[in-house]
2 protein chains.
Amino acid sequence: MDIRTTFQQLDEKFSRFGGLEPRGITRLLYTSEWRAAINALVEEFENNDLEVIKDSVGNVSGRLVGENSNETILTGSHIDTVVQGGHLDGQYGILASLTALLYLKENYGQPKKNIEVLALAEEEGSRFPIAFWGSKNFFNIQDNEIIKELTDSEGVNFVDAMRESGFDFREDDKVRDDIKAWLEIHIEQGQILEKEQKQIGVVTGIVGFKRYSVQLKGEANHAGTTPMGYRKDTVVAFSEIVQKLDKKAKEIGDPLVITFGKVKLIPNVTNVVPGEIEFSIDTRHIDEAELNDFSKTIENTINEIAIQNELEATITLHLDEKPTLMNEDIIKTIEESSKKVTSNNYKRMVSGAGHDTQIFSQFVPSGMLFVPSIGGISHNVEEETDIEDLVKGIEVLAETLYKLAY
Amino acid sequence: MDIRTTFQQLDEKFSRFGGLEPRGITRLLYTSEWRAAINALVEEFENNDLEVIKDSVGNVSGRLVGENSNETILTGSHIDTVVQGGHLDGQYGILASLTALLYLKENYGQPKKNIEVLALAEEEGSRFPIAFWGSKNFFNIQDNEIIKELTDSEGVNFVDAMRESGFDFREDDKVRDDIKAWLEIHIEQGQILEKEQKQIGVVTGIVGFKRYSVQLKGEANHAGTTPMGYRKDTVVAFSEIVQKLDKKAKEIGDPLVITFGKVKLIPNVTNVVPGEIEFSIDTRHIDEAELNDFSKTIENTINEIAIQNELEATITLHLDEKPTLMNEDIIKTIEESSKKVTSNNYKRMVSGAGHDTQIFSQFVPSGMLFVPSIGGISHNVEEETDIEDLVKGIEVLAETLYKLAY
């Protein structure tokens, strides 16, 4: 078999499930498009004589049974997409895994350990306000109580949608103990590999992040009748905060990032000095201590500037995710495979986005690899990766699976 | 008669027209509340033996005829309010004028020149998107063609509303030539008098202003996967613009002001580097050359920062009003009256807000005086001025009218 042809045929086939030209793929959890993709995948596994394993919530895998069927190398990603997403985010990880498995099966026959391709039911949080439903169920750490309250944007209850789709809550609390390694290949969703012209990113960890919402209260005043010296202007204070923290983050350097993505002025009227502002801060780093230090800088800077400007500041930390480090042995194995397959054209890097792997790495030795994203674009119909890079990714994954399973 | 009692009775009476506790006064052009106020004012004029003059659009005045009836000293303000406005903006100017006239009539009898109290139909632009409908009609400089297209927020056409209310376009283009002076007393709508503990503001001019809308285009990127060095972050560029221009304006000093009142990020999502921003700039100064210089600084600063950050900037100047200076003789007359009545406790100042007087000053010698606004609040049910200050204002107005008309 030819890796490129096999992958392209699979990709073309699966991109139809939820695909809606020219608006990308919408394949939300427990919808008919999503179920059609699952069913097609099961059929694909069966046609290739793989053992099919399903759980109650919709995770499904195809296993090439090894000599020692008690040990499994698991590889995959999520099958759901965002609304109007691309054809690579999640789907590539599943189809690349299947292609690599078929390639290994044809060329090397039965492995020592099982190789199993896993499609996770949900990761994006795009239909219901909850993410990692697939991987959390895999390890039985989901919160079923919260789920019962959730509805989608059309008012459909999570549990109703799940049951109508033929799925249900887990009945047992058994967690598999055969998984010796988890691998996930994913598009980078950033521009680092592209800008540095590398073909593979060997992920050493997934950044931790903190998200704040900040409110500053001053005084709404008439833009004409209030001299500059009499103002308590929150947008001016905000701009000072942004300038200071942006400069500070750049001084500290990569991989620290800070983003002010959401801003709301009140009353938001041309001729009124804004008496109130609300804004978001998203900051990320792979090193927990560095992230904590910088978050203290953030809080101190806001409070200092608020005091200087006689404003009232309210800082709310509403998300606080710790960094996740990949398993050192798996990193090395992926790195050796990358060296060989790409003639050294790879880069060790951190993932700035969250992935199912951050759940897996809490329980089993885990590793992750990236292929470049053209223009860094994802979650969008324009999400694309050069086919040469997609194939290289599958080759590195196959090499890694070979080292781990044969 | 007692100035305080007379004014308070009038104010209590007229605050009922459109008054809706606890939400302030809503008295929009050509509504029943507005017409009730006009009718009550005509009745008030008649009961006090004043000659009533009405025009076709709804401006109405009461005249105390002087020995020389070809010369008129006109004093007044607008009778309309904003939505949920206060009881002083506009209304105080009319009722203070009427109180002053009645005081002069009782104490000094017939003046040499006519003294005429004018209630202008509309100034706020709160029902239809057009302002100064009253004063512009007074001088026949309104644009009747634009009016025909206007509707209010409920879809009612301007002309239909006008006609249903019993009013209509001007039929003649005769402009009165008897006006020898125009006076307007108004609340300051700022905090300068309050903070400097002055009772009267002698207005020397009304600031000119420019309003820009600015758009910056960069790149929307993932907040996690895009290192700081790879970003084209428009909110960071915006914050640099705000910091530079705010500092520069403070260096130049009063009465220059700059306000960034309205900001919109696109896509405005916590985990996306904002690829686009739109914001407003409102800048004002009494000196036309200074205002023009600073607007060049604004444009240059935006363009420089856009280039440094590799952003595309679009700067649109959509309002450009020249400053208006008051008549020197009238300023002096008001100043002398203020000196006498307040024992020197007044301040020469510019008006940072627009007023009907900026229309009048283009045609007749004009002057304006302010009373303090508590906390600078206006356009709000909490708009208030100490009764002592309101009375002082009427006394200064009466003294000025006496000097001009007797």
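What counts, and where the lines are drawn
Numbers given for residues are sequential positions, taken from 1 along each chain in its written order. Labels are handed out in written order, letters beginning with A for the chains and numbers beginning with 1 for the ligands. Where totals are concerned, whole chains, interfaces and linings use all residues; where local detail is concerned, this predicted model gives features only for residues with pLDDT of at least 70, and gives and counts side-chain atom pairs only at 80 or more. Just so you know, side-chain values use all the structure's heavy atoms and leave hydrogens and water out. Here a strand is any run of E in DSSP of at least two residues, a helix any run of H or I of at least four, and the numbering for each starts at the N terminus. We compute the radius of gyration from the C-alpha atoms alone; for a globule the expected value is 2.2 Å times N to the 0.38, where N is the number of residues. Any residue under 20% of the maximum accessible area for its type is buried, any over 50% is exposed, and the rest in between are partly exposed; the area is computed with a 1.4 Å probe on protein chains only. Only heavy atoms enter the contact rule, under which two residues are in contact if any of them lie within 4.5 Å. A residue counts as positive if it is Lys or Arg and as negative if it is Asp or Glu; His and the chain ends are not included. The location of each charge is read from NZ of Lys, CZ of Arg, CG of Asp or CD of Glu. Our superposition of the copies is a least-squares fit, built on the C-alpha atoms of residues whose pLDDT is at least 70 in both. Helix axes use the C-alpha atoms of the stretch in contact, all axes being lines fitted to C-alpha atoms, and the angles between their N-to-C directions lie in the range 0 to 180 degrees. For classification purposes, angles smaller than 35 degrees are called roughly parallel, those larger than 145 roughly antiparallel, those between 65 and 115 roughly perpendicular, and all remaining angles oblique. Under this grouping Gly is polar, as are all residues other than the nonpolar Ala, Val, Leu, Ile, Met, Phe, Trp, Tyr, Cys and Pro and the charged Asp, Glu, Lys and Arg. What pLDDT conveys is the predictor's confidence in a given residue, as a value from 0 to 100. Two parts placed together each lose some accessible area under a 1.4 Å probe, and the buried area is that loss summed for both. Salt bridges are counted wherever a side-chain nitrogen of Lys or Arg sits within 4 Å of a carboxyl oxygen of Asp or Glu. In protein, a polar contact means a hydrogen-donor-capable atom and an acceptor-capable atom, both N or O and within 3.5 Å, with residues adjacent in sequence counting only if both atoms are side-chain atoms; elsewhere, any N or O pair within 3.5 Å suffices. Side-chain rings of Phe, Tyr and Trp, where Trp is taken by its six-membered ring, are said to pair if the distance between their centres is within 6.5 Å; with planes under 30 degrees apart they count as stacked, over 60 as edge-to-face, and otherwise as tilted. Charge-over-ring placement is defined geometrically: NZ (Lys) or CZ (Arg) within 6 Å of the ring centre, and within 35 degrees of the ring normal. The span one expects for a helix is its residue count, reduced by one, times 1.5 Å. Working note: the arc is built from the helix axis to C-beta atom directions. In this scheme the handedness of a crossing depends on how the near helix is turned from the far one: anticlockwise by less than a right angle means left-handed, clockwise means right-handed. Criterion used throughout: strands pair if DSSP finds at least two bridges between them. By convention, orient the strands away from the viewer: a clockwise path from the first strand over the helix to the second makes the crossover right-handed.

Student: An account of the overall build of chain A is requested, with residue identities and associated values reported.
Tutor: A tally of helices and strands in chain A yields 12 helices and 16 strands. In summary, chain A has a C-alpha radius of gyration of 24 Å against a globular reference of 22 Å for 406 residues, a match within 12%. Oriented by its inertia axes, the alpha-carbon framework of chain A measures out at about 80 × 50 × 40 Å. Among the 406 residues that make up chain A, the fraction classed as buried is 58%. Considering only residue pairs separated by 6 or more positions, chain A has 78% of its internal contacts joining residues 24 or more positions apart. Separation of charge centres in chain A, based on 42 positive and 69 negative side chains, amounts to 3 Å.

Student: A description of the relation of the copies chain A and chain B should follow, citing residues and the corresponding values.
Tutor: Relative to chain B, chain A is turned by 180° and slid 0.0 Å along the rotation axis, the superposed coordinates differing by an RMSD of 0.0 Å. What the rotation and shift describe, once combined, is the action of a two-fold rotation axis. For chain A, the smallest separation between a C-alpha atom and the rotation axis is recorded for A:Ser239, amounting to 2.1 Å. Interface overlap between copies: 100% of the residues of chain A at the interface are likewise at the interface in chain B, consistent with a symmetric, same-surface contact.

Student: Can you break down the environment of A:Glu184 residue by residue, with the values?
Tutor: All names here are of chain A. Tracing the chain through its elements places Glu184 in strand E5 (residues 179-187). Under the relative-accessibility criterion, Glu184 is labelled buried at 0%. It is 6.7 Å that separates the C-alpha atoms of Glu184 and Thr357, two residues lying 173 residues apart in sequence. Dropping the residues within four chain positions of it, Glu184 is found in contact with Gly76, Ser77, His355, Asp356, Thr357, Gly367, Met368 and Leu369.

Student: Before we move on, could you go through the packing of helix H1 (residues 3-14) of chain A against helix H2 (residues 32-47) of chain A and cite the residues and values that matter?
Tutor: All names here are of chain A. Viewed as axis vectors pointing N to C, H1 and H2 meet at an angle of 150°, and their least axial separation amounts to 11 Å. Relative to H2, the element H1 is oriented roughly antiparallel. For the pair H1 and H2, the contacting residues are Leu10, Lys13 and Phe14 in the first and Ala37, Ala40, Leu41 and Glu44 in the second. Its residues placed into classes, the contact of H1 with H2 shows five nonpolar, no polar and two charged.

Student: Before we move on, can you summarise the confidence of the model for chain A with the specific residues and values?
Tutor: Averaged over chain A, the pLDDT score is 96; the fraction of residues at 70 or greater is 100%. Interface scoring of the predicted complex returns ipTM 0.88; its pTM is 0.88.

Student: So what about unusual backbone geometry? Which residues, and what values?
Tutor: Cis geometry marks the peptide bond from A:Asp254 to A:Pro255, where omega comes out at 0°. Across the junction of A:Ile266 and A:Pro267, the peptide omega takes the value 10°, indicating a cis bond. Tracing the sequence through the fold places A:Pro267 in the loop between strand E10 (263-266) and strand E11 (272-273). Within the chain, A:Ser343 stands out as a residue other than glycine whose phi angle is a positive 50°. Relative to the helices and strands, A:Ser343 resides in the loop between helix H10 (328-342) and strand E15 (346-351). One non-glycine residue, B:Gln197, lies in positive phi territory at about 50°. Here B:Gln197 is to be found in the loop between helix H7 (192-195) and strand E6 (200-206).

Student: So what about the interface of chain A and chain B? Which residues, and what values?
Tutor: Interfaces are often described in size by the accessible area the parts lose on coming together. In this assembly, 51 residues from chain A lie in contact with 51 residues from chain B. Broken down residue by residue, the surface that chain A buries against chain B is led by A:Met228, A:Tyr230 and A:Thr270, which jointly contribute 17%. For the pair chain A and chain B, the number of links is zero salt bridges. Seen at the junction of chain A and chain B, the total is 15 residue pairs in polar contact (both at pLDDT 80 or more).

Student: Before we move on, could you go through the packing of aromatic side chains and cite the residues and values that matter?
Tutor: Centre-to-centre distance and the angle between the planes together describe a pair of aromatic rings. Evaluated as defined, the whole model comprises 40 aromatic pairs over all chains. Taken together, a centroid distance of 5.2 Å and an interplanar angle of 70° make the contact between A:Phe138 and A:Phe139 edge-to-face. Just as A:Phe138 is buried, A:Phe139 falls in that class too. One aromatic cluster is present, built from ring pairs that chain together A:Tyr30, A:Trp34, A:Phe128, A:Trp133, A:Phe158, A:Phe167 and A:Phe169. Positioned above the aromatic ring of A:Tyr230, the side-chain terminus of B:Lys195 is 5.0 Å from the ring centre.

Student: Just give me the short version of the pattern of salt bridges, but keep the residues and values in it.
Tutor: All names here are of chain A. On inspection of all chains with the given rule, the structure shows 48 salt bridges over all chains. Residue Arg176 is joined to Asp178 by a salt bridge in which the shortest nitrogen-to-oxygen separation is 2.9 Å. You can call Arg176 partly exposed: its relative accessible area is 25%. Between Glu310 and Lys232 there is a salt bridge, with the nearest N and O atoms lying 3.8 Å from each other.

Student: So what about helix H1 (residues 3-14) of chain B? Which residues, and what values?
Tutor: Each α-helix winds once per 3.6 residues, and so residues spaced three or four apart point in a common direction. Residue and element names in this part refer to chain B. Spanning 12 residues, H1 covers 16 Å between terminal C-alpha atoms, matching the ideal 16 Å at 1.5 Å per step. Where H1 is concerned, the buried positions are Ile3, Thr6, Phe7, Leu10, Asp11 and Phe14. Each buried residue of H1 lies within a common arc of 125° when the element is viewed along its axis, so the set occupies one face. Summarising the geometry of H1, the exposed residues directed more than 90 degrees from the buried face are Gln9 and Glu12.

Student: With reference to specific residues and values, describe helix H2 (residues 32-47) of chain B.
Tutor: Residue and element names in this part refer to chain B. Between its first and last C-alpha atoms H2 spans 22 Å; for 16 residues at 1.5 Å apiece the expected length is 22 Å, and the two agree. Looking at H2, one finds that the buried residues are Trp34, Ala37, Ile38, Ala40, Leu41, Val42, Glu44 and Phe45. Each element contacted by the buried residues of H2 is listed here: H1, strand E1 (51-54), strand E2 (60-64), helix H3 (91-108) and strand E4 (113-120). Phi turns positive, to about 60°, at Asp49, one or two residues after H2.

Student: Go over the environment of B:Thr283 with me, naming the residues and quoting the values.
Tutor: Residues and elements named next belong to chain B. Relative to the assigned elements, Thr283 resides in strand E12 (residues 276-285). Put simply, Thr283 and Lys340 are 57 residues apart on the chain and 35 Å apart in space, counted from C-alpha to C-alpha. Sequence-distant contacts of Thr283, defined by excluding residues within four places in its chain, comprise Gly208, Phe209, Lys210, Leu256, Val257, Ile258, Leu291, Phe294 and Ile298. A polar atom in the side chain of Thr283 sits 2.9 Å from the backbone oxygen of Val257.

Student: An account of the packing of H3(B) against helix H12 (residues 387-405) of chain B is needed here, citing residue identities and associated values.
Tutor: Residue and element names in this part refer to chain B. Between H3 and H12, the shortest axis-to-axis distance is 9 Å and the interhelical angle comes to 55°. If you check the angle between H3 and H12, you find them oblique. In the crossing of H3 with H12, the sense of the turn from one axis to the other is right-handed. Along the contact surface, H3 presents Tyr92, Ala96, Ser97, Thr99, Ala100, Tyr103, Leu104 and Tyr108, while H12 presents Asp389, Leu390, Gly393, Ile394, Leu397, Ala398, Leu401 and Tyr402.

Student: Give a description of the pairing of strand E3 (residues 68-78) of chain B that names residues and reports values.
Tutor: All names here are of chain B. With eight bridges connecting them, E3 and E4 associate as parallel partners. Paired with Thr72 across the bridge in E4 is Asn114. Regarding topology, H3 serves as the crossover connection from E3 to the parallel E4, and that connection is right-handed. Pairing between E3 and strand E5 (residues 179-187): four bridges, direction parallel. Paired with Leu74 across the bridge in E5 is Trp182.

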